[in-house]
Amino acid sequence: MLVNIPQTKKKRVVIIGGGFGGLTLARKLDHRYFQVVLLDKNNYHQFRPLLYQVATAGLEPSAISFPFRKVLREKGTHFRMCRAFRIIPDQNLLETSAGTIAYDYLIMAVGSTTNYFGMKNIEDVARPMKSVSEALNLRNTILCKFESAICSGDPSGLNIVVVGGGPTGVEISGALAEMRKYILPKDYPDINFSDMQIILAEAAPRLLSAMSNQASDKALQFLQKMGVNVILNASVKDYADGKIVLADGRFLDTKTVIWTGGITTELPEGIVLPDNLGRGNRLKTDAYNRVIGYERIFAIGDVCLQAETNYPNGHPQMAQPAMQQAKNLAKNLSLHEKGKPMNEFRYFDKGSMATVGRNKAVADLPFIRLQGFWAWVLWMFVHLISILGMKNKMMTMLDWFWSYWTYDPSLRLIIAPKKKKVPKP
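Residues numbered from 1 in each chain as written. Predicted model: local features only at pLDDT ≥ 70, side-chain atom pairs only at ≥ 80, totals over all residues. Heavy atoms only, no water.

S.K.: Where do I start with empty space enclosed by the protein in this structure?
M.R.: The method is simple in principle: a probe with the dimensions of a water molecule rolls over the atoms, and the space it marks as empty is what remains. Applying the stated criterion to the full structure yields one cavity of 30 Å³ or more. The calculated volume of the largest cavity comes to roughly 30 Å³. As for the largest cavity, its lining consists of Arg282, Gly301, Cys304, His315, Pro316, Pro321 and Gln325. (1 Å grid on protein atoms, 1.4 Å probe; cavity = no way out; pocket = protein on both sides within 12 Å on 5 of 7 lines; lining within 4 Å. Points joined across faces, edges and corners; volume = space filled by probe spheres on them.)

Dropping the structure here:
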């Protein structure tokens, strides 16, 4: 069965994945020369850097989500909600859950997913945070723990362990610490929250390993002052009997594990060759983002492993490399169609930043390093302007403003699908 897409004389560009890279490419391609088809398993773009605020009841899911059809209808891009299963390169065909699609150019922009490094027990118990649905599931889990504790009078199950000391791990640890201090005592006055531990476990010797030592040290100071127990050089080995097992034999007692400790990619069948798969299940590409071994298949963003002099192991798996690669590839496909030489990709690092809590953030910019209040203001500004849609920007700004002045975000709702009743025998 063929996917219902209008026939055209234009060259068809099929993009798998509507993250930062895929969506940017769909918007930047010259529609005079290309028919653009975007595929994604969801019908919306999600702003992943703020998922942790959905998980900690700081933002509505709709504030960081934007429908693909709304953002793409001006350009005439064709969107199909489906999953990509198999590529047949010698026939330029892609098999999906909606049918088969023929392509002239295929762009892999599938992004990343959670990597548990083969630890089945951890995968069964841990809560990831790579999508809006996972963030909502985590919010439900956390709030249900508090409701159970108030009913039983037993606060022993409230300890939360966050695994992974990157930006996401640091940010959600700080958000949980602020909830424990400002919000939860109001909602649950009968619980002694001094008994609740928030533990951040990082396998490396420092937090925020991709940022400067100065930013790492400051983030550690912020978290410790907020009452977060940060454990470095803490590689997770297993989970058993309500405890996380560390590689050095230590145990962390918890029933709630938030996993931000690693990422990998999920690739459709038919694309992997003996020499084009790299670390983290990423596809090796040349300087033009063309996947090694193929002429008309390209990769951008998290799934792309493109070595540069300053990045021998590939670019950081963040939004900026994906968006810059997308813009360069959009130009290159037009050049390729015109028979002109394409431009090699060069990544321009605009800096990194992470927020720890109210008035607390760290930022490494090309010409300056900031910590504290001004880094926090910069972090808010950059993320606010990056969210799609004026309504979403206004909703986010209003929620932030309200939470800042009242210390009381009002989104602590447990929303879960109703389970179907099983008839009694």
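S.K.: Sorry, what's going on with a positive patch on the surface here?
M.R.: Side chains of Arg27, Lys28, Lys75, Lys327, Lys331 and Lys350 sit close together on the surface and give a patch of like positive charge. Contributions of two or more residues to the positive patch are made by α1 (20-28) and α8 (319-337). (Patch = residues over 30% accessible without salt bridge, like charges linked within 9 Å, V, L, I, M, F, W, Y side chains within 5 Å. Areas by Shrake-Rupley, 256 points an atom, 1.4 Å probe, with all protein chains shown as cover. Salt bridge = Lys/Arg side-chain N within 4 Å of Asp/Glu carboxyl O. Lys, Arg positive; Asp, Glu negative; His and termini not counted. Charge placed at Lys NZ, Arg CZ, Asp CG, Glu CD. Helix = DSSP H or I, 4+ residues; strand = E, 2+ residues; numbered from the N terminus.)

S.K.: Before we go on, may I ask you to explain the packing of aromatic side chains in this structure?
M.R.: Pairs of aromatic rings are described using the distance from one ring centre to the other and the angle between the two planes. The final tally for this structure, using the stated rule, is 14 aromatic pairs. Between Phe373 and Trp374 the ring centres are 5.0 Å apart and the planes differ by 75°, which places this aromatic pair in the edge-to-face class. For Trp374, a relative accessible area of 60% translates into the label exposed. With a centroid separation of 5.4 Å and 85° between ring planes, the pair formed by Tyr404 and Trp405 is classed as edge-to-face. Looking at Tyr404, the relative accessible area reads 26%, which means it is partly exposed. (Phe/Tyr/Trp six-rings, centres within 6.5 Å; stacked < 30°, edge-to-face > 60°. Buried < 20%, exposed > 50% of the residue type's maximum accessible area, 1.4 Å probe, protein only.)

S.K.: What should I look at first to understand the pattern of salt bridges in this one?
M.R.: Enumeration over the complete set of coordinates arrives at eight salt bridges. As a salt-bridge pair, Asp248 and Arg250 come within 2.7 Å of each other at their nearest N and O atoms. The exposure class of Arg250 is partly exposed, given its relative accessible area of 36%. As a salt-bridge pair, Arg290 and Asp286 come within 3.1 Å of each other at their nearest N and O atoms. Look at Asp286 and you get partly exposed, because its relative accessible area is 21%. The network of salt bridges with shared partners includes Asp286, Arg290 and Glu295.

S.K.: What is the right way to read the side chain of Asn42 from this model?
M.R.: Along the chain, Asn42 turns up in the loop between β2 (34-40) and β3 (44-46). Residue classification places Asn42 among the buried residues on the basis of a relative accessible area of 18%. When near neighbours in sequence (up to four residues on either side) are disregarded, Asn42 contacts Phe68, Phe79 and Met81. (Contact = heavy atoms within 4.5 Å.)

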